[in-house]
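# Results of the structural survey
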Amino acid sequence: MNKTKTFAAFAAAALSLGMLTACSDDTPSGDDTTGRTKLTVVGLLPGATEEAKAALDQQVADFENQYPDIDVEWVEYEWKATTFSADLAGGTLPDVFEIPLTDAQSLIANSQIADMDSYVKAMPYGNDFNPGVLQYGLGPDGHIYAIPAKSIYGIGLHYNRTLFTQAGLDPDKPPTTWSEVREYAKKIADAVPGVAGYAQMATSNTGGWQLTVATYARGGRMESVAADGTATATVDNAATKAALEFLKAMRWDDNSMGAEFNYDWGSINQAFAAGQVAMYTSGQDVYTSLVQANGVDPDSYGLTTIPLEGADSGVLGGGTLAAVNVKASDEVKDAAMKWIDYFYLGKYISEDAAVATAQLQVANNQPVGTPELPIFTSAQLDQYNRWIAPYVTVPLAQMKPFTDGIVGAQPIAEPPVATQDLYAALDPAVQAVLTDQNADIDALLATANTAAQRAIDANS
Amino acid sequence: MKRGLNPKKWVQRGGLAALLFALPMIVIFGVFSWWPVTQSVVMSFQKTNLVSEPRWVGWDNFEWVLTDPNLPIALKNTLWFAFLALIFGYPIPLIGAILMSEVRKRRGLYSALAYLPVVVPPVVAVLLWKFFYNGAATGVFNTILGWFGLGPFPWLNSQDMAMPALVLESTWANAGSTVIIYLAALIGVPAELYDAAEVDGAGILRKLWHVTLPNLRGVLFITFILQIIGTAQVFLEPYLFTGGGPANSTLTILLLIYNYAFGASVGANYGAATALSLLLAAALAVFSIIYFRATRAWSTT
């Protein structure tokens, strides 16, 4: 027997096994060597500016000063339907992460997020949440799992004031009906070549999301849920049809929608900030990320409510909940609640926290005062707005059409069952209308309805 | 005594050492390749969210997949992609390699240039091309074509143009590796054969047809099946360029699998995704076997 060869083989095998074990040696969240609790949290969107990062770093440092036994580390995060479940299944989400209102119920039912009830209730505002928002985060046991945290939004119509002026339109008089939207879009597209007068998201489920917005604004609904909880897809309703006809007319009769039709949430923001899009619909709070990630020119920004037409029309509303990793230890959950309090909620309750946060944002040239909808009560939100009034850096006057108009509007929640599947089923319909002059809207909606119903049935 | 069945003899012949040398690869393959494959077979008969206890559902996942109206669309698109890739992507590297092997000077430079796109990370390449493909008249390609009075073309914003646009990028990105393989094979063609053909009065085309191609057939045969398997699993281009749009015109099988698993956020259907993966693997295996059987006589010299 060749001893050298055998030895070499053992050495090689030992070496490779050693490398394998070295790979598997990851550090879990929780106590690190210094005895501090390590907490990973959601930070900024990928591609955020250096100033935004500096502001967040300062907040983290400030938080760690208040709680020396917690070590906070933030990661870049953008919620996307396609990556969220992979992150969730792969265990690569941070300890504290953000989810849309509509996802909370499934996550709670699947035991995928932690029960935060005792931690939230221990907070002075634990029982003061806006029940309309909090209901999404409650489990069947009545416990709070997901916590209303930020971006409680209603959809608004965002427009570029500079392009309005260039097209001879008055930027202080944004459109109030859908036919005015169409008319203005045409004027802008004619006056400023290469610019889309109006653009619409169409990919990664955002096409379905914005079509739902347009449907609600015309009085339609995407799902009807019976008393026994069985849901029926109703995406082939008259309002949705009208919304698609509207897009078709602008795209093919007016040619006022530009040349790109594969926008999603992030890329339409980018195009808008770059002045390539004059009008689009998205959450009213998108201004913050337009500044942080896209460097929008504040003077050119305008926000108004979307036109509401027809009986029972309303504004699609949604929001972001904070959730905690289901595998988090008690120490991590405790630290997570402190962070959620510090980063998301405390500022609405305490004048000191509100002012401190606002000052820090101002010092780093970050937007302060983007219009919000109440996480607690409207009176409380008014009070918060008064606290931060001296520090407001966003062009509030240019958002006045929205803040005035939203008051009387009916908020409507997203379709409750299989939300993302339903949106995914509608994406091809929106894309077909925007890329095929002869698209048959009735057939498209019939197909989408079948697909949505299939997903709803599979979910229940 | 029979060979190979005696453990003592096996050890003495260095079998143990061979096994030990192979062990790291066996472990790595086992853990990262065979174990996941086994897991996905199990998962295709389950309903699971990867967190709570999975539930056995029999053939339900397969039924769900086979009744999905998107499946025929994805199948058609995948075949369309494979066909286009065959038309453009198969001959271009061969022609490139033959031309390169004919030039006397700077052969190294040309092959380096041909290989350059392979060095660019695929995601970067796609994002660059996405920018080039901008549908506005000011887009890069539209500007260039505009100099010749062509366009502007909608590229990725047209249901008819999107797929060819993806194939164009994919050919550009992948041709380099195939060119290198062909170049290596061309070196192996004995020069005497060309000399003999020349003596017989053969021109360039006849030399190509009667000498070069027959000598390359072993390699051509392998690159063909690799190309078919590769294009059947096309994912990167439709995922990054179009997300399957516009209106499902670039939805491929693998993208459909991805959508099942990850497309609907928390509504993830991992069972259906693994079921369709298995169906795809089975179809490719069957195709490969038929192809190898049918071309067995042809491939052996």
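Residues numbered from 1 in each chain as written. Chains lettered and ligands numbered in written order. Predicted model: local features only at pLDDT ≥ 70, side-chain atom pairs only at ≥ 80, totals over all residues. Heavy atoms only, no water.

### Focus: the overall build of chain A
Test applied: Helix numbering and strand numbering both begin at the N terminus, where a helix is a DSSP run of H or I of at least 4 residues and a strand a DSSP run of E of at least 2. As a reference, a globule follows 2.2 Å times the number of residues to the power 0.38, and the radius of gyration itself is taken over C-alpha atoms. Classification of residues uses two cut-offs on accessible area relative to the type maximum, computed with a 1.4 Å probe and protein chains only: under 20% is buried, over 50% is exposed, and between them is partly exposed. Here a residue-residue contact requires only that any non-hydrogen atoms of the pair lie within 4.5 Å. In this tally Asp and Glu are treated as negative and Lys and Arg as positive; neither His nor the chain ends contributes. For charged residues, the charge sits on one atom: NZ in Lys, CZ in Arg, CG in Asp, CD in Glu.
The secondary structure content of chain A amounts to 18 helices and 11 strands. The C-alpha radius of gyration of chain A comes to 24 Å, within 12% of the 23 Å expected for a compact globule of 460 residues. Principal-axis analysis of the C-alpha atoms gives chain A an extent of 80 × 65 × 50 Å. Burial analysis of chain A (460 residues in total) assigns 55% to the buried set. At a minimum sequence separation of 6, the contacts of chain A that also span at least 24 residues come to 78%. Across chain A, the 25 positively charged side chains and the 56 negatively charged ones have centroids separated by 4 Å.

### So, the pattern of salt bridges
Residue and element names in this part refer to chain A. Our working definition: Here, a salt bridge means any side-chain nitrogen of Lys or Arg that lies within 4 Å of a carboxyl oxygen of Asp or Glu.
Counted under the stated rule, the structure contains 15 salt bridges over all chains. Note that Asp170 is salt-bridged to Lys173, the shortest N-O span being 3.4 Å. On the basis of relative accessibility, which here comes to 56%, the residue Lys173 falls in the exposed class.

### A short note on the packing of helix 4 (residues 70-89) of chain B against helix 9 (residues 162-187) of chain B
Residue and element names in this part refer to chain B. Our working rule: Axis definition: a line fit to C-alpha positions, over the contact stretch in the case of helices; interaxial angles, taken between N-to-C directions, run 0 to 180 degrees. If an angle is under 35 degrees, it is roughly parallel; if it is over 145, roughly antiparallel; if it lies from 65 to 115, roughly perpendicular; otherwise it is oblique. In a left-handed crossing the near helix is turned counterclockwise from the far helix by less than a right angle, and in a right-handed crossing that turn is clockwise. Classification convention: Asp, Glu, Lys, Arg as charged; Ala, Val, Leu, Ile, Met, Phe, Trp, Tyr, Cys, Pro as nonpolar; all other residues, Gly among them, as polar.
In the contact formed by helix 4 and helix 9, the axes pass within 9 Å of each other and the chain directions differ by 45°. The pairing of helix 4 with helix 9 is recorded here as oblique in orientation. Along this stretch, helix 4 crosses helix 9, giving a crossing that reads as right-handed. Between helix 4 and helix 9, the contacting residues are Asn77, Trp80, Phe81, Leu84, Ala85, Phe88 and Gly89 on the first element and Met163, Pro164, Leu166, Val167, Ser170 and Thr171 on the second. Here the residues of the contact of helix 4 with helix 9 sort into 9 nonpolar, 4 polar and no charged.

### Things to note about the confidence of the model for chain B
Residues and elements named next belong to chain B. As a reminder of what qualifies: Along the chain, pLDDT gives the predictor's confidence residue by residue, from 0 to 100.
Across chain B, the average pLDDT comes to 86, with 95% of residues at 70 or higher. Ranking the elements of chain B by mean pLDDT puts helix 15 (residues 296-299) last, at 65, and helix 3 (residues 60-66) first, at 92. Across the assembled chains, the prediction reports ipTM 0.81 with pTM 0.82.

### Some points on the pairing of strand 10 (residues 315-324) of chain A
All names here are of chain A. Selection criterion: Pairing between strands is defined by DSSP: at least two bridges between the two strands are required.
Burial of strand 10 is extensive: 10 of the 10 residues sit out of reach of the surface. Alternating positions in strand 10 separate into two faces, Val315, Gly317, Gly319, Leu321 and Ala323 on one and Leu316, Gly318, Thr320, Ala322 and Val324 on the other, with burial throughout. Sheet topology places strand 4 (residues 96-100) next to strand 10; 5 bridges connect them, and they run antiparallel. Paired with Pro100 across the bridge in strand 10 is Thr320. Note: strand 5 (residues 147-160) against strand 10, 5 bridges, orientation antiparallel. Paired with Tyr153 across the bridge in strand 10 is Gly318. Here strand 10 pairs with strand 11 (residues 411-412) via 2 bridges, running parallel. Within strand 11, the residue paired with Val315 across the bridge is Pro411.

### Quick word on the side chain of Thr231(B)
Inspection of the secondary structure puts Thr231(B) in helix 11 (residues 204-232). The residues touching Thr231(B), leaving out its near neighbours within four places in the chain, are Thr78(B), Phe81(B), Ala82(B) and Ala85(B).

### Comments concerning the interface of chain B and chain A
Convention followed: Reported buried area values correspond to the accessible surface (1.4 Å probe) lost by two parts on association, with both partners' losses combined. Residues adjacent in sequence count toward polar contacts only when both atoms are side-chain atoms; beyond that, a polar contact is any pair of N or O atoms within 3.5 Å, and within protein one must be able to donate a hydrogen and the other to accept it.
Residue-level contacts link 41 residues of chain B with 37 residues of chain A. With both sides pooled, the region where chain B packs onto chain A buries about 3200 Å², and carbon together with sulfur makes up 62% of that total. Our enumeration of links across chain B and chain A arrives at 0 salt bridges. For the pair chain B and chain A, the interface holds 8 residue pairs in polar contact (both at pLDDT 80 or more). Taken together, the elements giving at least two residues each to the side of chain B that touches chain A come down to helix 2 (15-43) and helix 13 (253-263) of chain B. Looking at the side of chain B that touches chain A, the element that brings in the most residues is helix 2 of chain B, giving 8 residues. Looking at the side of chain B that touches chain A residue by residue, the class counts come to 26 nonpolar, 13 polar and 2 charged.

### Overview of the environment of Met163(B)
Residues and elements named next belong to chain B. Checked against the element boundaries, Met163 lands in helix 9. Residue class for Met163 comes out buried when judged on its relative accessible area of 1%. Separated by 79 residues in sequence, Met163 and Thr242 place their C-alpha atoms 9.5 Å apart. Setting aside anything within four residues of it in sequence, one finds Met163 in contact with Asn77, Trp80, Phe81, Leu84, Ser249, Thr250 and Thr252.

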